[in-house]
Amino acid sequence: MPPDNNTTVTKSSDLILKLKQSVVEFSGYGLLLLIGIFFCRIIELILFQFAQSLPFGFIELLSKGFIIDILFWLYLLLPASLLFVALSLINLKAAKIIFNVLFVLFFSFNLQFIYYHKTSLVLLGSDLFGYSINDITQTVGASGVLALGTIIFFIVFIALIIAGLLFLKPKLKLNFVFSAVLISIGLPFFLLGGISDLKPKYDQDFANNLIVNKSQHFYNAAIDYVTQTTYKPDIYADNYLNQLERRVAQQGKFEYQYPQYPFLHEAETNDVLSPFFKQRSKKPNLVFIVVEGLGRAFTNDEAYLGNFTPFLDSLSKQSLYFKNFLSNGGRTFAVLPSLLGSEPFAQNGFLALQEKMPKQLSLLNILQKNGYSNSFYYGGDASFDNMSGYLKLNKTTNILDEKSFPNSYSKLPEFGGFSWGYADADLYDYYLNKSTDDTLAAPRLDVLLTVTTHSPFKLKDQAKYNELFESHLTTLRLNAQELKQRQNFADEFATVLYADESLKNLFKKYSKRADFGNTIFFITGDHRIPEIPLSTKIDRYHVPLIVYSPMLQKTKEISAISSHFDVAPSVLRYLSNSYGIPLPRQTSFLSKGLDTVSTFRNIHQIPLMQTKTDLVDFVSETYHLNGNQLFQLYPNLYEEPITDETKKEELLTAFADFKRRNQQIAEGRPLVPDSLVIKYAQ
């Protein structure tokens, strides 16, 4: 029997009525979303105002932040309304419950993103997905997010959001026409991706990061990570490389001739270090000291924030001092494989491969094969970032972390119930007590990694180093504005002064040991402290490298650019040429070695991984590619954006070639043949 026309009309009318009702209901959510986003913006700037200082006026930052927030809000309107309407047509009550929960979650996460940025001065993005639950728990705990005052603040904030849903949202609802117009306004912004060109920008990264909407940044980064839109290399890169072969800067680039081994190449033989060292009858001890967060911005002469490391400054004048040196990672996850193995990043950092890390040739396992005793000393938990897994794979004899420290040592002050571990002075004291100074014993490779200069920047004798910080400021000849800026980061700079003093005491004690005259020290940072505002994109990676030893027969200040990737190849060639350590004719090292010329130049191609999921930086010649923006590099690694499409295309192509090979390692390709590992490292 044909359907009753009246029944059909009734159903259609009911559907239209439900549709109108859901559109009207959504208008309340839409307007409350805008108010909530504005409320979060005000809270963010107030938090920054009290925690440090704002780079520009409150009203200026607020107005520019509001513009970005409005664009984000307009972008969200259409998809949010479609979701709500779809749910409402099924069950309006259920739709309201779901959206209430989503609202609370959205603003709870947004506040956490804001608080993370306030604490670390780093925008939280897809790097969150590169860490284990244990790593996240430790990092969050040590940052003080779980402190009582912060928890109370979060509870009050969530209560206000809930109150807004219960009492304010019903009063914000518009009639159907205005509700439909509201949703329609969001259509072009959604289709155009939020119209990023309309967003205000500053020259300073610190100011730009401050006005960015933290939720928008996180969710965009998360989507990019899931879809890998920022990681996939150009599928035509091979052909394009051939076309550009005569124009692409080939310095630092190897000829890769083995498709099954993406980074395997003929080994370099040039030894740049031997001319600087006196020959000894016994192989030298090697001591690598990696200082957490040690950036050039506040280290030694010409540091643009001022020299907060007077001892290291004096030591650098008795050393090989690389002043334009780069870490290859913006976090600690990259330092061990970069510095000791010149190894690629894979998908989320080489260490994140866990048990799937390919067999490799490194400074650790090659020297262990040749009679060295290898040890790693760390004031924290060596399982963090899977450092211990990497060290074990590379035949490290002794892994000594916080679990190894005797009860006579006490940890750094807890913050929110967490502590990163033991202070630098305790680490060095423990190291001196554990390591042998017997000149007849086997040569040693010792790697020390510190934790004190890490958030939350708490010291046992805080008052002493706060006073030292204030006293040190008087020696820096700062103007009033600079003085205030430094004082906003008193805790950070106090820990840097502490770290420098701890190194001074370490060298004072070590110099009395019998093995001092046959030891080479390498001092560098894993990355630059991000909690002190960065001046440029490259600033995050700019660290010193100081090579000091009583064996040095001449010193040198080196302005050429090198990176952590260059250290292991150069040290191995030095030991091979001077002490006969056998090396393979083929290797997978990512670099040809340190450049020791005194003039400013770059002969390397240097990929840099900002976080575990952000491989967005590449340096070639004196150019730095960050995402799609090209920068010109100058001495002391100052940089400024430039427009040079030809040069940018060259760097993009070379970077894509690296990314493709790097991805092959992530997918399980080997670094080197097993035969090389067996012969030279087992």
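The model shown is predicted, which means the values in this text are computed figures rather than measured ones. (Residues numbered from 1 in each chain as written. Predicted model: local features only at pLDDT ≥ 70, side-chain atom pairs only at ≥ 80, totals over all residues. Heavy atoms only, no water.)

Caption draft 1: Up close: the sheet that holds strand β15 (residues 629–633). Pairing is antiparallel across the open sheet formed by five strands, whose spatial order is β12-β13-β14-β15-β16. The open sheet has two edge strands, β12 (605–608) and β16 (639–642), and neither has a second partner. Neighbouring strand axes in the sheet, compared pairwise and without regard to direction, differ in orientation by 25° on average. Examined bridge by bridge, β15 and β16 share four bridges and lie antiparallel to one another. Along β16, the bridge assignment pairs L630 with I642. Across the sheet, helix α19 (residues 645–666) touches β12, β13 (617–620), β14 (623–626) and β15, and the angle it forms with β14 is around 65°. (Pairing = 2+ DSSP bridges. Helix = DSSP H or I, 4+ residues; strand = E, 2+ residues; numbered from the N terminus. Axes fitted to C-alpha atoms, helices over the stretch in contact; angles between N-to-C directions. Contact = heavy atoms within 4.5 Å.)

Caption draft 2: The nonpolar core, seen in detail. One finds F277, L286, I289 and F298 to be the most contacted residues of the largest nonpolar core, which totals 144 residues. At 11 residues, helix α17 (residues 490–510) tops the list of elements feeding residues into this core. The residues touching F298, leaving out its near neighbours within four places in the chain, are G293, A303, L305, G306, N307, F308, T309, F493, V496, R528, I529 and I532. Membership of the second largest hydrophobic core comes to 35 residues, among which are C40, A80, F106 and F154. (Core = buried A, V, L, I, M, F, W, Y, C linked by side-chain atoms within 4.5 Å. Buried < 20%, exposed > 50% of the residue type's maximum accessible area, 1.4 Å probe, protein only.)

Caption draft 3: Up close: a positive patch on the surface. A cluster of like positive charges, contributed by K504, K508, K509 and K512, occupies part of the molecular surface. Positionally, K509 belongs in helix α17. (Patch = residues over 30% accessible without salt bridge, like charges linked within 9 Å, V, L, I, M, F, W, Y side chains within 5 Å. Areas by Shrake-Rupley, 256 points an atom, 1.4 Å probe, with all protein chains shown as cover. Salt bridge = Lys/Arg side-chain N within 4 Å of Asp/Glu carboxyl O. Lys, Arg positive; Asp, Glu negative; His and termini not counted. Charge placed at Lys NZ, Arg CZ, Asp CG, Glu CD.)

Caption draft 4: Region of the structure containing a nonpolar patch on the surface. Where nonpolar side chains cluster on the molecular surface, the patch consists of L83, I97, I98, V101, L102, L105 and F109 and spans about 580 Å² of accessible area. Of the residues forming the nonpolar patch, the biggest block, six residues, is contributed by helix α3 (residues 92–120). Tracing the sequence through the fold places L83 in helix α2 (residues 58–90).

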